[in-house]
Amino acid sequence: MSTEQEEIGNLTQLLQEQFPGAVQSYHQHRGDETVLVERSQILPICQFLRDDERSKMEMMIDLTAVDYIKESPRFEVVYHFKSLSLEHRIRVKVRVPEEDCEIDSIHELWLAVDWYERECYDMYGIIFKNHPNLQRILMYSQFEGYPLRKDYPIGRQQPLVEMRPVNERHDYGEL
Amino acid sequence: MNEIINIAINILLDPFIQTILKIVVIIFMFVMPLATVLTLMERKWSAMIQDRVGPNRANLPFADNFRGRGALHIAADALKSIFKEDFIPRGADRFLFTIAPYFGFAAALSVFAIVPFAAPIGDFTFQITDVKPGLLYIFAITSLGVYGSVLAGASSNSKFALLGGTRASAQMLSYEVFIGISLLGIFMVYESTQISVIVDGQNTYWFGNLIPKWGIFTQPVAFVLFFVAMIAETKRAPFDAPEGESEIVAGYFLEYSGMRFGAFMLAEYIAIVGVSVLMVTLFLGGYHIPWLHLWESAPQALVTILQILKFTLLSVFFCWLQLQIRWTIPKFRFDQTMALGWKKMLPVAMANVLVTAIIILLAN
Amino acid sequence: MEELATENKGQNLESEMEDQADASVMTIEIGPAHPAMHGIVRFTTQIDGEEIVDMIPEIGYLHRGFEKESENSKWIQITPYTDRLNYVSPLLCNIGYSMAVEKLFGVDAPRRAQYTRVIMGEISRITDHLTCLGAAAMEVGAFTFFLWFIKGREYLWELVEEVTGARLTTNWTRFGGNATDIPDGFLGELQERLEKIKDILRECDTLLTRNKIFIDRVKDVGVLSKEDSISFGFTGPMLRACGIPYDVRRSDRYSVYDDLDFEIPVGSVGDCFDRYLVRMEEMWQSISIIEQASDKLPAGPIAIDDRQLVLPDKKQVYGNIEGLIDHFKLVMEGHQAPAGEIYMPTEGGNGEVGFYLVSDGSGEPVKCRVRPPCFNFVSAMPAICKGGYVADIVPIFGSVNMIGGELDR
Amino acid sequence: MGVETQFQDGFMTTTIDSVVNWSRKFSLFTYPFVTACCGMEYMAAACSHYDISRFGAEIPRFSPRQADLLFVVGTITHKMAPVLKLIYEQMPNPKWVIAFGACASSGGFYQNYSVVQGIDRVIPVDTYIAGCPPRPEAVLDAIIELQNRIQDRGPQGISGINPNQEEKVIPKARESKENLLLSRQ
């Protein structure tokens, strides 16, 4: 990881030139070009990545978040972009603190973003500002809490219908 | 003793009693058995097409586990439907909901009233009634079948059923038009709407005794059109958009359970038999066996039996053909069904009428 | 049936829609318990007569918490969960996940393992397309076609069972190799089965591809423009049907696909018929890939010799203290993945299946995310369906090949 | 339904009962509530190789009103549970339920916030099929098992018309799983 970390990728360089100070760190672990950028700059950076001739990211591949519960800022929103014409990828990451859990929505740039942001909100509670329809998508609206946060216990269920008691569940009949 | 026999004969000669007996015999000896066997045939034949075995496990435990290659599944289905809870959904119109299934049922059965099964012997006809309007009666009756679907869809208090009902009404009403127009040629060729006249007209020959004047030879285009239109009228695949299993679940009979659902199913199979019977009657010479009139010394009883046999066999063939079509091709989208009718079948049917008229004029 | 869904007042969609609704528009709930929805998607659809005015998809009915379970499991314990992501082609997800972890470790599986992975993966791709096309055809009424395809799938599953021990949920790959090698005589049998599949494909081709009714149902139905498809993040057959030859097997050159010669079929318009043709052609290409790979299959081990990754031989475990310790440590502590994060894209049955793994150096993943191709397709359903007929939902949804496990995870 | 409730037990009624039950067991119209992976094996069981139709159970009726047998195929999540319950309630009596596969029977290996730990927490179940997913042979076995049950007990099955029947005290074995789930909180 050490040597890879120090190499700077073409796109990273491009971003550093275009948005001085916005790139907080970068690495190329196992060949995946990665940049960690400033939270406020995410919308212009994504716009640039999509429109610039040298990056041409036509496709938003994936959007998710990671919960580093012991670190601060706690959350990291991760974007994966892919350029079909230039055949390269980039991973853009943004740190989001727990107390101010907001980030600009980039739904205007790619049509796919809409649902991915909703899912991210559903699972982590990260609010995407200006998103047109930020509602739960995988869980039901009555669900409380954000299941993929590390402090949500895996076994805590919130049933919608009354659960039949365990002891009346089986009739072994003629056994 | 003789008096009793005389009274019995007198009763039997009474036309009213005769008609009742004919109805009973035709429905219970011909239509119902064929329709019920069709339900099994459908399952077995589709299984054969699809490389499967099909139902074969229903057995009679007291009779040496007799299975009859799955024939008993018919009995199981029927009996189960009777004992299934009869459910009327909340908000449904109870009266219409209850009577709707029997409209289609009655309409499907009424077709058999004017179909002759064999040549008349003296005054006795093998036909329940030979009304003058003949085919017009069939048009009237098949329209009645629409009510079954529409009322079922409208009274169920379910949106999918309503969609199915509207689709069914649109489809059946438009295809009635094509049924009518495709048969105009038949009227012209045989110069009557009465079934017995049409059937007898098919017993004449071209070129001496070479080719019988069957409907299929005199009106080949009408044969195809009528068959297609009738399949659409019975709402069978590929025209099963009203009950389109994949988009509106079960269509107009979505909310029906138990015996009422069974009535819809049975009506469908009776309608299949009805289509087959009409095809044979109108286009394949009815009960007439071609060139049989050359054998002048034929005994009357044998001829009648042969005629009934020919009629039945050809009907079964058409039933089979409909099953084969059902399991081979995909189904139309609803608007395509309508487009096929109005944009393709209507012009062809009109042209057919025109050409027929011109040929008849020239021939005379 | 629409009662079913209204019961679950998910996102207050109904009230929202009712506000906009005018008199001629009817709102129907298609799904989740609907024959054409494969059980788990709900479309709140507004229709004007037979035409679709608006549509709101609602997913999540099969959200089984893949990511949460992964974060609470060891690396190797995640493999069975990946089987159940895309349950129509489980091996492709298996392989994708194992390759992702191998990328995280910085190792490569041996050549033989790679080749067998390619063979099994392509078998899986064929079963995926067979199921997809069969189900799609069934929903437009060609039931016989469906049963014939499932018959073909059955031939292949029996092969899969011979190698992996399971028909569907295989759990076959390991980090740095595979659990089992292919058995003796497998290649011969594979060839026989492929011939049968070819017969079925030819038969169905004559039955369906030039069938007027089928073409009417699918041609020019469900068209989405090239630009929108890209923006929606379409991958796999859906994108290729639009005419864009994007295939992860080619563009990212993973595994041994570089040594193999295959074409990427593309469509022209991007309608349901193109998707059907693309999938049909892909099956032929997969057959050709399998044939080439079995010809080139090298001898050698099926797993790398690295005690950090691969369980030792049972002989070693029972006869040798070092083997026993290695075994114990791997089983009890799990694989000690180095810290770091990687994204590994692979070509699944539906498109790009990518695994994004984050490790902090302990035995358990911090994050194991799978990039679901179906997610994008379903999010694009309103855009595709608007203006079409209600009956068009069926072939469109069939051609999308939505797989619940992958969509909701 | 009908006969069973209207007469006292006697030779006639038991004979009629057994005939009616015979018809029920060979005419199982199924409602496949397919959600997940097990659906693939359900397909396999329904298709040519294994052919569930031999038992008279091949006709899938996607309207619950017309179905006798509810096949719950695959994982049921908490989001899906109300739908499942509604479908079950929409089915007319007599009705039977088969839990198809590990997830439907017990939640399988998904013990987390979103998965119902067995559909018997939501609706009564007659027959459970083990396996993840079960092989088609297991499905056929379950159908035969259910048919025997219908012949012997008629609609008085667990999910049949008489839910108030005497229920036996249940072994405590399954509780351990609940405890496990609690411990994961």
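Okay, so let's go over this structure. No experiment lies behind these values; they were computed from the predicted model shown.

1. Describing the sheet that holds strand E3 (residues 51-58) of chain C
Within a sheet, each strand pairs with its neighbour through backbone hydrogen bonds, oriented either parallel or antiparallel.
Step number 1: An order of E1-E2-E3 (chain C) is seen for the three strands of this open sheet, with the pairing classed as antiparallel. Across the chains shown, the open sheet's two edge strands, defined by having one partner strand only, are strand E1 (26-30) and E3 of chain C. Along the sheet, successive strands turn relative to each other by an average axial angle of 20°, direction set aside.
Step number 2: Helix H6 (residues 159-190) of chain B rests against E1 and strand E2 (42-48) of chain C of the sheet, and its axis sits at about 110° to E1 of chain C.

2. Considering the packing of helix H13 (residues 272-296) of chain C against helix H18 (residues 393-400) of chain C
The angle between the axes and the distance between the axes are what describe a pair of packed helices.
Residue and element names in this part refer to chain C.
Step number 1: Relative orientation of the contacting elements H13 and H18 amounts to 30°, with a least axis distance of 9 Å. Where H13 crosses over H18, the two elements pack in a sense that is left-handed. Contacts between H13 and H18 involve Cys272, Arg275 and Arg279 from the first element and Pro395, Ile396, Ser399 and Val400 from the second.
Step number 2: Along the lines of polarity and charge, the residues of the contact of H13 with H18 split into four nonpolar, one polar and two charged.

3. Examining the nonpolar core
Step number 1: Grouped together as the largest cluster of nonpolar side chains are 232 residues, with contacts concentrated most on Tyr79 and Phe81 of chain A together with Phe33 and Leu70 of chain D.
Step number 2: Here Phe81 of chain A is in contact with Cys46, Leu49, Met57, Met59, Met60, Ile61, His88, Arg89, Ile90, Val92, Ile106 and Trp110 of chain A, once residues within four sequence places are set aside.
Step number 3: Ile138, Val273, Leu284 and Phe332 of chain B belong to the second largest nonpolar core, which has 69 residues in total.

4. Let's talk about the packing of aromatic side chains
Step number 1: Following the criterion strictly, the structure yields 46 aromatic pairs over all chains and no others.
Step number 2: Here the aromatic rings of Phe97 of chain B and Tyr256 of chain B are separated by 4.1 Å at their centres, their planes lie at 5°, and the arrangement is stacked. Here Phe97 of chain B is found in helix H4 (residues 94-110), whereas its partner Tyr256 of chain B is found in the loop between helix H9 (220-233) and helix H10 (258-283), with 159 residues between them in sequence.
Step number 3: On the basis of relative accessibility, which here comes to 0%, the residue Phe97 of chain B falls in the buried class.
Step number 4: Take Tyr256 of chain B: its relative accessible area is 0%, and that puts it in the buried class.
Step number 5: Ring geometry for Phe43 of chain C and Phe397 of chain C: centres 5.4 Å apart, planes at 90°, overall edge-to-face. Linking Phe43 of chain C in strand E2 with Phe397 of chain C in helix H18, this pair joins segments that are 354 residues apart in sequence. With respect to class, Phe43 of chain C is no different from Phe397 of chain C; both count as buried.
Step number 6: Through a chain of ring-to-ring contacts, three or more aromatic side chains come together here, namely Trp45, Phe223, Phe226, Phe227, Phe283, Phe317, Phe318 and Trp320 of chain B.
Step number 7: Taking NZ or CZ as reference, Arg156 of chain A lies 5.4 Å from the ring centre of Tyr152 of chain A, over its face.
Step number 8: The ring of Tyr88 of chain D has Lys95 of chain D lying over it, and the distance from NZ or CZ to the ring centre is 4.2 Å.

5. Description of unusual backbone geometry
For residues besides glycine, phi is generally negative; the peptide bonds are generally trans as well.
Step number 1: In this structure, the amide linkage connecting Ser72 of chain A to the following residue, Pro73 of chain A, adopts the cis form with an omega of 0°.
Step number 2: As for its position among the elements, Pro73 of chain A is in the loop between strand E3 (59-67) and strand E4 (75-83).
Step number 3: Residues Cys132 of chain D and Pro133 of chain D are joined by a peptide bond in cis, for which omega reads -10°.
Step number 4: Secondary-structure assignment places Pro133 of chain D in the loop between strand E4 (127-129) and helix H6 (136-153).
Step number 5: The backbone of Asp51 of chain B shows a phi angle near 70°, a positive value even though the residue is not glycine.

6. Some thoughts on empty space enclosed by the protein
Picture a little ball the size of a water molecule; that probe, rolled over the atoms, points out where space is still empty.
Step number 1: Counted according to the given criterion, the structure contains 13 cavities of 30 Å³ or more.
Step number 2: Considering the residues around the largest cavity, the lining is formed by 25 residues, among which Gly104, Ala108, Lys235, Ala267 and Ala271 of chain B are closest to the centre.
Step number 3: Within the residue set of the lining of the largest cavity, elements represented by two or more residues are H4, helix H5 (135-155), H9 and H10 of chain B.
Step number 4: The element that contributes the greatest number of residues to the lining of the largest cavity is H10 of chain B, accounting for eight residues.
Step number 5: Of the residues assigned to the lining of the largest cavity, the class counts are 14 nonpolar, seven polar and four charged.
Step number 6: In this structure, the second largest cavity encloses a volume near 110 Å³.
Step number 7: Lining the second largest cavity are Leu133, Ala136, Ala137, Phe214, Val218, Cys272, Arg275, Tyr276, Arg279, Pro395 and Ser399 of chain C.
Step number 8: Residue assignment for the lining of the second largest cavity shows that the elements contributing at least two residues are helix H6 (111-139), helix H9 (212-218), H13 and H18 of chain C.

7. A few points about the interface of chain B and chain C
Step number 1: Listed by partner, the interface residues are 27 residues for chain B and 35 residues for chain C.
Step number 2: Here chain B meets chain C over a buried area of about 2700 Å², counting both sides, of which 61% is carbon and sulfur.
Step number 3: Among the residues of chain B in contact with chain C, Lys159, Pro330 and Arg333 of chain B are the three that bury the most area, contributing 23% of the side total.
Step number 4: Across the chain B-chain C interface, the total number found is two salt bridges.
Step number 5: A salt bridge links Lys151 of chain C to Asp51 of chain B, with the shortest nitrogen-to-oxygen separation between them at 2.9 Å.
Step number 6: At the boundary of chain B with chain C, the tally comes to eight residue pairs in polar contact (both at pLDDT 80 or more).

8. Some remarks on the sheet that holds strand E6 (residues 340-347) of chain C
Residues and elements named next belong to chain C.
Step number 1: Taken in spatial order, the three strands line up as E6-E7-E8 in an open sheet, and their pairing is antiparallel. Each of the sheet's edge strands pairs with one partner strand only, and the pair in question is E6 and strand E8 (365-371). In this sheet, neighbouring strand axes are inclined to one another by 10° on average, regardless of whether the strands run parallel or antiparallel.
Step number 2: In the sheet, strand E7 (residues 352-359) pairs with E8 via six bridges, with the strands oriented antiparallel. Within E8, the position partnered with Val358 by the bridge is Lys367.
Step number 3: Along the sheet, helix H5 (residues 90-105) makes contact with E6, E7 and E8, crossing E6 at roughly 150°.

Scoring rules and cut-offs
- Residues numbered from 1 in each chain as written.
- Chains lettered and ligands numbered in written order.
- Predicted model: local features only at pLDDT ≥ 70, side-chain atom pairs only at ≥ 80, totals over all residues.
- Heavy atoms only, no water.
- Pairing = 2+ DSSP bridges.
- Helix = DSSP H or I, 4+ residues; strand = E, 2+ residues; numbered from the N terminus.
- Axes fitted to C-alpha atoms, helices over the stretch in contact; angles between N-to-C directions.
- Contact = heavy atoms within 4.5 Å.
- Left-handed = near helix turned anticlockwise from the far one by under 90°.
- Nonpolar A, V, L, I, M, F, W, Y, C, P; charged D, E, K, R; others polar.
- Core = buried A, V, L, I, M, F, W, Y, C linked by side-chain atoms within 4.5 Å.
- Buried < 20%, exposed > 50% of the residue type's maximum accessible area, 1.4 Å probe, protein only.
- Phe/Tyr/Trp six-rings, centres within 6.5 Å; stacked < 30°, edge-to-face > 60°.
- Lys NZ or Arg CZ within 6 Å of the ring centre and 35° of its normal.
- 1 Å grid on protein atoms, 1.4 Å probe; cavity = no way out; pocket = protein on both sides within 12 Å on 5 of 7 lines; lining within 4 Å.
- Points joined across faces, edges and corners; volume = space filled by probe spheres on them.
- Buried area = accessible area lost by both parts, 1.4 Å probe.
- Salt bridge = Lys/Arg side-chain N within 4 Å of Asp/Glu carboxyl O.
- Polar contact = N/O pair within 3.5 Å; in protein donor to acceptor, adjacent residues only side chain to side chain.

Nothing here speaks to function; it is geometry throughout.
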